[in-house]
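# Close look at the chain arrangement
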Amino acid sequence: MSDHDGVERYFKIIFHEHEEGAKQIAKYAMRYKAEELVAHREPKFDRYAALGYVPVSELLLYGWSAVCGGCGKAISLHQKKTFKNVLTEGEDIWCNIDCFIKQRFREQKSNAYNNDTNQQPVQLEL
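### Observations regarding the overall build of the protein
Broken down by element type, the protein carries 4 helices and 4 strands. Helices and strands in the protein line up, N terminus first, as α-α-β-β-α-β-β-α. Here the protein holds 126 residues, and 20% of them are scored as buried. A sequence separation of at least 24 residues applies to 37% of the contacts in the protein between residues at least 6 apart.

### Some remarks on the side chain of Glu-58
By secondary structure assignment, the location of Glu-58 is in helix 2 (residues 56–61). Side-chain polar atoms of Glu-58 contact the side chain of Tyr-48, separated by 3.4 Å. Each residue touching Glu-58, except ones within four places of it in the same chain, is listed here: Phe-45, Arg-47 and Tyr-48.

### Observations concerning the environment of Trp-64
Relative to the assigned elements, Trp-64 resides in the loop between helix 2 and strand 1 (66–67). In this structure, the C-alpha to C-alpha distance between Trp-64 and Ser-76, residues 12 residues apart in sequence, is 6.6 Å.

### What to know about the packing of aromatic side chains
In the structure shown here, the tally under the stated rule is 3 aromatic pairs. Seen from their ring centres, Phe-45 and Tyr-62 are 5.4 Å apart, and the 80 degrees between their planes marks the pair as edge-to-face. Highlighted residues: Phe-45 in the loop between helix 1 (19–30) and helix 2 and Tyr-62 in the loop between helix 2 and strand 1, separated in sequence by 17 residues. Owing to a relative accessible area of 1%, Phe-45 belongs among the buried residues under this scheme. Considering the side-chain rings of Phe-45 and Trp-64, the 6.4 Å spacing of their centres and the 85 degrees angle between planes classify their relative orientation as edge-to-face.

### Let's talk about the nonpolar core
Among the nonpolar cores identified, the biggest contains 10 residues, and these are Val-56, Leu-60, Ala-66, Cys-68, Ile-75, Val-86, Ile-93, Trp-94, Cys-95 and Cys-99. Among the elements of the structure, helix 2 and strand 4 (92–94) are those that each provide at least two residues to this core. Those residues in contact with Cys-99 that lie beyond four places of it in its chain are Cys-68, Gly-70, Cys-71 and Trp-94.

### So, the confidence of the model for the protein
Averaged over the protein, the pLDDT score is 76; the fraction of residues at 70 or greater is 71%. Averaged pLDDT values for the elements of the protein fall to 60 in helix 3 (residues 80–83) and rise to 90 in strand 4. Scored below 50 in pLDDT, residues 1–7 shows 10 contacts in the model against residues more than four places distant or in partner chains.

Conventions we followed
- Counting restarts for each chain, with residues numbered from 1 along the sequence as it is written.
- Residues qualify for local features only when their pLDDT is at least 70, as the model is predicted, and side-chain atom pairs are given and counted only at 80 or more; totals for whole chains, interfaces and linings, by contrast, use all residues.
- Processing note: side-chain calculations cover all non-hydrogen atoms of the structure and skip hydrogens and water entirely.
- What counts as a helix is a DSSP run of H or I of at least four residues, what counts as a strand is a run of E of at least two, and both are numbered from the N terminus.
- Each residue gets one of three labels from its accessible area relative to the maximum for its type: buried under 20%, exposed over 50%, partly exposed in between, using a 1.4 Å probe on protein chains only.
- Contact definition: two residues touch when any of their heavy atoms are within 4.5 Å.
- Pairs of N or O atoms are called polar contacts if they sit within 3.5 Å, as long as, within protein, a hydrogen donor faces a hydrogen acceptor (for residues adjacent in sequence, only side-chain-to-side-chain pairs).
- For Phe, Tyr and Trp, where Trp contributes only its six-membered ring, two rings pair if their centres lie within 6.5 Å, and the inter-plane angle classes them as stacked under 30 degrees, edge-to-face over 60, or tilted in between.
- Among the buried residues, those of types Ala, Val, Leu, Ile, Met, Phe, Trp, Tyr and Cys that are joined through side-chain atoms within 4.5 Å form a nonpolar core.
- A score between 0 and 100, pLDDT records how confident the predictor is in each residue.

Next up, the structure:
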């Protein structure tokens, strides 16, 4: 997300009882140095604490932007022309049905490869 000064900024909602705890989680999840992180409370999102995340559709309503899980395109409500085709599911968002289908196909292909029970270990003789 770009701020009014044109600087790219990344935001993430982290649920924690203390600011320092949230910063430590963000430090590892986002790979930033603790001194680079700024944390503040957003009471309007407290109702999602049990879920562990704020649905992306809700974040968009508050002016946040998100990245399409299929093609990486930035999505926000300000893009009214393209927003009508957007699909959301929990924390995930896709700019259109094609990106959704492509990502799901990639996931299924990856899962099939990782869960292939027919693969047997082979011992090589040197």
